[in-house]
Amino acid sequence: MILQFALFHIITLILWTIYPLACVEGYVIAQSGCDSACGDVNIPYPFGMKDPKCYVDKWFEIECRNTSSQGSQIPYLKSSNLEVKLIDEELSTIEIMNPIYHSNCKRKNAEPIINLRGSPFVYSQDYNKFVAVGCNNVVFLRSSGSEVGGCVSICDGNEEVNNNFVLGYVGCYGRSCCETSLPLYLSEYNATVQDLRDGSVSHRCSYVLIVTDDWLQSYQIYNSSTHRFSYLKNMDYVPAVLEWEILLEMYNNSIFKIPLDAKCYDSNVTSSQNTTSSGLRCNCFTGYSGNPYIAGGCTAIPGFFDTNSQAKKRAIVGVLSSIGSIILFLVLWLLHKVVRKRMIKKRKEKFFKKNGGLLLQQRLTSGEVNVDRAILFSLKDLEKATDNFNMNRVLGKGGQGTVYKGMLVDGRIVAVKKFRVEGKVEEFINEFVILSQINHRNVVKLLGCCLETEIPLLVYEFIPNGNLFEYLHDENEDLPMTWDMRLRIATEIAGALFYLHSLTSQPIYHRDIKSTNILLDEKYRAKVADFGASRIVSIEATHLTTVVQGTFGYLDPEYFQTSQFTEKSDVYSFGVVLVELLTGKRPISSTIIKETRSLASYFIKCMEENSLFDIIDKRVTDEGEKAHIIAAANLANRCLEMNGRKRPTMKEVTLELEEIRRLDSKSNAQKNHEEIELACQIHCQL
């Protein structure tokens, strides 16, 4: 009897530990009297078909179409004429078939004409990728008339992608095919394909598509049933994921009612204004599963709340049958607690190792990391600081991850960076090790990290005034960017790079200097940030040979051609930032002359044609001495030399900028003195 009771409790404990929160079959998904499926696809409310009472708004109307060829039914999102493959009401996503843009591929061009503006749908940044296939192309993703993303695909010589290109075979790593992430809030888009060499419209065969990341990674290049390859030329559509929400006007107009058995929360799926909500999303309460957007849609998971099952009654009877069984039950319960605690500990150790914890420990013991400054935060502390990584705390998103604003228990305001891709910890460890060695007033300060999660976290000091790009290119009437401020910020950035190149124990190449990586503190002092791509090099080394990476407009042409990154590559990127400060123009812009959309190229051309002041910002010309502006422009021009050996070092750049500032301050002091003397003379005459 005791052995049977023990076996029963062991099985019970295992089942309660690993019990899956699976969906319950037969729960309500559609309004009463409405069809809940079209073909093989379930149509849950707020989506619906035919009768307006079946869907919450015209944007959610599904049209079920009969296909003459296959004799089956296929659902379409009627408002945008997009085929629907899957609707997930619990994740608030919908998978659709998205058109491919074919350009010059011996067939009628199919340019996507999709406009979801004003709708509750946006292309998901988490589930999709922007992919371009072609040779020696620069492909820009455009939305609302502006470039919001892009990538470069390179082939050997004049090679072209032919109609037999197989996407899954080649992969998207920059050769013949490239990919990048989508921006947030993308509701409409088109693409432009330009020749990499001269910037003209490309006439080679190219394909542009937005596609799910899962499909891209698992794409089957060979069809076993037909025994032939699937080529891009034969494809018109690929799967993509849209995220959705119930817009506020739908809720305010009483079209949508929050079910009593679900919880709804404010969301910002379709709006870039993080301070205000654009809609609602809903979830079932804990212990329930189903459709949270319809009354009765959330159904209790079997056994989750059941405390009176026959098995438990038999267990209680068994416990009361003898003192020995009670003791056994207590022992098993304690054993379960111990095993569970050990599992949690092993899980944390697994994440610690996966996230580079062992490598980090080695560097801590070797003295490579400053132990006094590098703190290991617990996940509990950071969840409390960021309100469980609330979306309202998001400061920004980038290629590596998302940055949240938080407040520690001691009152310090911090920035917490949550890396995007689990398992790829090189950038995380690299940034942690580099920043832990740096102590400079113009470099963002690292406070510590957390390795207890699936995705590693870094904790920095909070920099309140955003980045230089936003401040420079978005007009700020409260505190305009004066000539003196621009000169000071340029000097501070140069000083930080001089420190990284020459004054650390081993030289550090930043490798991604751009105005978005220059933060501004409470006194608008420059802080160099984002060291995920940075590298430590030996004192004897003259360069790094790496896969080319960087940002258009800032990338050193010599590095692009040779794949060899030197300290002069950082100098080139700084030169572009200095030109931004002098001109107030973006590094890549459609407003720059058609021959070149690169600010660096346009600036060099103006210098060669002796028309410098045609490009200099008006505020700079009004406030700065002409000689000092020319001196700064000449310095920027030298930084942008095509031959890296002809560029100055960051030490030389720093010294020249400090001298320009000294002369500028002296000139301003002389002006002030003359104005005071003139005022005194006028006063005496009166």
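Because the structure is a prediction, the values reported are computed rather than measured.

1. Notes on the overall build of the chain
Piece 1. Scanning the chain from terminus to terminus reveals 17 helices and 35 strands.
Piece 2. In the chain, once contacts between residues fewer than 6 apart in sequence are set aside, the share between residues at least 24 apart is 64%.
Piece 3. Within the structure as shown, the chain displays about 36000 Å² of accessible surface, and the carbon and sulfur contribution to it stands at 52%.

2. Regarding the environment of isoleucine 536
Piece 1. Along the chain, isoleucine 536 turns up in strand β33 (residues 535-536).
Piece 2. Put simply, isoleucine 536 and glutamine 506 are 30 residues apart on the chain and 6.5 Å apart in space, counted from C-alpha to C-alpha.

3. Some words on the environment of serine 202
Piece 1. When you line up the elements, serine 202 lands in the loop between β14 (190-195) and β15 (206-212).
Piece 2. Setting aside chain neighbours within four positions, we find serine 202 in contact with Asn104, Asn137, Val193, Gln194 and Asp195.
Piece 3. At a separation of 3.0 Å, a polar atom in the side chain of serine 202 contacts the side chain of asparagine 137.
Piece 4. For serine 202, the side chain forms a polar contact with the main-chain nitrogen of arginine 204, separated by 3.3 Å.

4. Comments concerning the sheet that holds strand β7 (residues 93-99)
Strand pairs in the sheet, formed through backbone hydrogen bonds, run parallel or antiparallel to each other.
Piece 1. Spatially, seven strands are ordered β3-β4-β5-β6-β7-β18-β9 in an open sheet, and the strand pairing comes out mixed. The open sheet is flanked by β3 (48-49) and β9 (121-123), the only strands paired with a single partner.
Piece 2. Relative to strand β18 (residues 237-244), β9 runs antiparallel, the two being bridged by three bridges. Considered in β18, the bridge of valine 122 is made with glutamate 243.

5. Details of the pattern of salt bridges
Piece 1. Inspection of the entire model under this criterion finds 23 salt bridges.
Piece 2. A salt bridge links arginine 525 to aspartate 521; its shortest N-O distance comes to 2.7 Å.
Piece 3. When its relative accessible area of 33% is taken as the criterion, arginine 525 is described as partly exposed.
Piece 4. Across the pair glutamate 656 and arginine 638 runs a salt bridge, and its minimum N-O distance is 2.7 Å. In this pair, glutamate 656 sits in helix α17 (residues 650-685) while arginine 638 sits in helix α16 (residues 626-639), placing the two residues 18 residues apart along the sequence.
Piece 5. On the accessibility criterion, glutamate 656 (28% relative accessible area) is partly exposed.

6. Considerations on the nonpolar core
Piece 1. By size, the foremost hydrophobic cluster in this structure holds 72 residues, and its most contacted members are Ile438, Leu468, Ile493, Phe574 and Phe603.
Piece 2. Here phenylalanine 574 is in contact with Ala490, Ile493, Ala494, Leu497, Ile513, Cys639, Met650, Val653 and Leu657, once residues within four sequence places are set aside.

7. As for the state of the cysteines
Piece 1. Under the defined criterion, the tally for this structure stands at six disulfides.
Piece 2. The disulfide bridge from cysteine 264 ends at cysteine 282, spanning 1.9 Å between sulfur atoms. Handedness of the cysteine 264-cysteine 282 disulfide follows from its S-S torsion of about 95°: it is right-handed. In this pair, cysteine 264 sits in strand β20 (residues 262-267) while cysteine 282 sits in strand β21 (residues 279-284), placing the two residues 18 residues apart along the sequence.
Piece 3. Taking relative accessible area as the criterion, cysteine 264 reaches 24% and is therefore assigned partly exposed.
Piece 4. Not part of a disulfide, cysteine 449 finds its nearest cysteine sulfur in cysteine 450, a span of 7.4 Å.
Piece 5. Accessibility expressed as a relative area gives 0% for cysteine 449, which makes it buried.
Piece 6. For cysteine 450, a relative accessible area of 0% gives the class buried.

8. Quick look at a nonpolar patch on the surface
Piece 1. Among the surface-exposed residues, Ile326, Phe329, Leu330, Trp333 and Leu334 lie close enough to one another that they form a single nonpolar patch of about 440 Å² accessible area.
Piece 2. Along the chain, leucine 330 turns up in helix α6 (residues 323-354).

9. With respect to the packing of aromatic side chains
Piece 1. What the rule picks out here adds up to 11 aromatic pairs.
Piece 2. Between the aromatic rings of phenylalanine 47 and phenylalanine 121, the centroid separation amounts to 6.2 Å while the plane-to-plane angle is 35°, which identifies the pairing as tilted. Highlighted residues: phenylalanine 47 in the loop between β2 (41-42) and β3 and phenylalanine 121 in strand β9, separated in sequence by 74 residues. The same class applies to phenylalanine 47 and to phenylalanine 121, which are both buried.
Piece 3. Look at phenylalanine 389 and tyrosine 404: their rings are 5.2 Å apart centre to centre, the planes differ by 75°, and that puts the pair in the edge-to-face class. Placement of the pair is phenylalanine 389 in the loop between α8 (379-385) and β25 (394-397) and tyrosine 404 in strand β26 (residues 401-407), with a sequence separation of 15 residues. Each member of the pair, phenylalanine 389 as well as tyrosine 404, carries the same accessibility label: buried.
Piece 4. Sitting over the ring of tyrosine 76, arginine 65 keeps its end group 4.0 Å from the ring centre.
Piece 5. Between lysine 418 and the ring centre of phenylalanine 389, over which it is positioned, the NZ or CZ distance is 4.7 Å.

10. A word on the confidence of the model for the chain
Piece 1. Here the chain averages 80 in pLDDT, and 76% of its residues register 70 or above.
Piece 2. Between residues 1-25, whose pLDDT stays under 50, and residues either more than four places distant or in other chains, the model counts 39 contacts.
Piece 3. Every residue in residues 220-229 is under pLDDT 50, and counting partners more than four places away or in other chains gives 11 contacts.

11. Here we look at unusual backbone geometry
Piece 1. In the segment running from tyrosine 45 into proline 46, the intervening peptide bond is cis, with an omega of 20°.
Piece 2. Within the secondary structure, proline 46 is located in the loop between β2 and β3.
Piece 3. Of note in the backbone geometry, tyrosine 524 takes a positive phi value of approximately 60° without being a glycine.
Piece 4. Mapped onto the fold, tyrosine 524 is located in the loop between β31 (518-520) and β32 (526-528).
Piece 5. Judged by its relative accessible area of 18%, tyrosine 524 is buried.

12. Examining helix α14 (residues 599-608)
Piece 1. For α14, the complete set of buried residues consists of Leu599, Ala600, Tyr602, Phe603, Cys606 and Met607. The buried residues of α14 occupy an angular sector of 165° when projected down its axis, which confines them to one face.
Piece 2. Looking at the buried residues of α14, the elements they touch are α13 (567-583) and α16.
Piece 3. Looking at where α14 begins, the residue whose side-chain oxygen comes 3.4 Å from the main-chain nitrogen of alanine 600 is serine 598.
Piece 4. One or two steps after α14, the chain reaches asparagine 610, where phi turns positive at roughly 60°.

Rules of the game
- All residue numbers refer to positions counted from 1 along the written sequence of the respective chain.
- Local features are withheld for residues below a pLDDT of 70 in this predicted model, meaning they are given only at 70 or higher, and side-chain atom pairs are given and counted only at 80 or more; totals for whole chains, interfaces and linings count all residues.
- Excluding hydrogens and water, the side-chain figures rest on all heavy atoms present in the structure.
- A run of DSSP states H or I qualifies as a helix once it reaches four residues; a run of E qualifies as a strand once it reaches two. Both are numbered from the N-terminal end.
- Contacts are residue-level and defined by heavy atoms, with any inter-residue pair within 4.5 Å sufficient.
- Each accessible area value is a Shrake-Rupley result obtained with a 1.4 Å probe; residue values ignore everything except the protein chains displayed when judging cover.
- Polar contact is the term for a pair of N or O atoms within 3.5 Å; when the atoms are in protein, one must be able to donate a hydrogen and the other to accept it, and sequence-neighboring residues count only if both atoms are side-chain atoms.
- Think of it this way: DSSP has to see at least two bridges between two strands before they count as a pair.
- Basic side-chain nitrogens of Lys or Arg form a salt bridge, by our definition, when they fall within 4 Å of a carboxyl oxygen of Asp or Glu.
- Relative accessibility decides the category of a residue: with a 1.4 Å probe and only protein chains considered, values under 20% of the type maximum give buried, values over 50% give exposed, and everything between is partly exposed.
- Definition used in this section: a nonpolar core is a set of buried Ala, Val, Leu, Ile, Met, Phe, Trp, Tyr and Cys residues joined via side-chain atoms within 4.5 Å.
- Defined by distance alone, a disulfide is two cysteine sulfur atoms within 2.5 Å.
- Each patch is built from residues that are more than 30% exposed by relative accessible area and take part in no salt bridge. Like charges join if they lie within 9 Å; nonpolar side chains (Val, Leu, Ile, Met, Phe, Trp, Tyr) join within 5 Å.
- Under the pairing criterion, centres of Phe, Tyr and Trp rings, with the six-membered ring standing for Trp, must be within 6.5 Å; the plane angle then separates stacked pairs below 30 degrees from edge-to-face pairs above 60, leaving the rest tilted.
- For a lysine, the NZ atom is tested; for an arginine, the CZ atom; a charge sits over a ring if that atom is within 6 Å of the ring centre and within 35 degrees of the ring normal.
- Values of pLDDT, which run from 0 to 100, indicate the predictor's confidence residue by residue.
- Directions are taken from the helix axis to each C-beta atom, and the arc is the one they span.

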